[in-house]
Amino acid sequence: MKTTLDIQDELFARAKRHARKIGRPLRAVVEEGLRRVLDASGPPPRYELPDLSVGRAGARDPLEDYSWQDLRDIIYDDREHR
């Protein structure tokens, strides 16, 4: 397959010199480089959320006695008094 790539001039010159030095076509050097990069890279590491829990595990939730409206009133009332 043919394609067009934009490669930084110095990198292109180095690749051409390397290909000439080892007696291989530039195409083969580029293919080998792509294979090495793709073979070496696995899936990205899975992100895990840090545990930022507050309080004791299994303890009663202190907010469960409040309705959503109660909590909203507490939050916005507190802002009005600052």
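Residues numbered from 1 in each chain as written. Predicted model: local features only at pLDDT ≥ 70, side-chain atom pairs only at ≥ 80, totals over all residues. Heavy atoms only, no water.

## Digging into the overall build of the protein
Using the following cut-off: Here a helix means four or more residues in a row that DSSP labels H or I, a strand means two or more in a row labelled E, and each is numbered from the N terminus. Each radius of gyration reported is based on C-alpha atoms, and the globular scaling rule is 2.2 Å times the count of residues to the power 0.38. Burial classification: accessible surface area is computed with a 1.4 Å probe over protein chains only, and a residue below 20% of its type maximum counts as buried, one above 50% as exposed, and the rest as partly exposed.
Check the secondary structure of the protein and you find three helices and zero strands. Moving toward the C terminus, one meets the helices and strands of the protein in the order α-α-α. Taken against the 2.2 N^0.38 rule, which gives 12 Å for 82 residues, the C-alpha radius of gyration of the protein at 30 Å runs more than 25% over that of a compact globule. With the C-alpha coordinates of the protein rotated into their principal frame, the extents come out at 75 × 35 × 25 Å. Split into buried and exposed, the 82 residues of the protein put 5% on the buried side.

## Thoughts on a nonpolar patch on the surface
The test is simple: What goes into a patch is any residue over 30% in relative accessible area without a salt bridge, connected to like charges within 9 Å or, for nonpolar side chains (Val, Leu, Ile, Met, Phe, Trp, Tyr), within 5 Å. In this description, accessible areas are obtained by the Shrake-Rupley approach with a 1.4 Å probe, and a residue is regarded as covered only by the protein chains that are shown. Salt bridges are defined by distance alone: a side-chain nitrogen of Lys or Arg within 4 Å of a carboxyl oxygen of Asp or Glu.
A contiguous nonpolar surface patch, about 720 Å² in accessible area, is contributed by Leu5, Ile7, Leu11, Phe12, Val30, Leu34, Val37 and Leu38. Secondary-structure elements contributing two or more residues to the nonpolar patch are helix H1 (9–22) and helix H2 (26–40). Considering the arrangement of structural elements, one finds Val37 in helix H2. On the accessibility criterion, Val37 (56% relative accessible area) is exposed.

## A short note on the pattern of salt bridges
Scanning the entire structure with this criterion turns up seven salt bridges. Here Glu32 ties to Arg36 by a salt bridge, and the two come within 2.7 Å at their closest N and O atoms. Note that Glu32 and Arg36 are positioned in helix H2 at a spacing of four residues, about one turn of the helix. Given the relative accessible area of 26%, Glu32 is considered partly exposed. Here the salt bridges do not stand alone but share partners, grouping Arg24, Glu32 and Arg36 into one network.

## A short note on H1
Inclusion rule: Any helix carries an expected span of 1.5 Å times its number of residues minus one.
The end-to-end C-alpha distance of H1, which contains 14 residues, comes to 20 Å, matching closely the 20 Å that a straight helix rising 1.5 Å per residue would cover. Of the residues flanking the end of H1, it is Gly23, one or two places downstream, whose phi is positive at about 70°.

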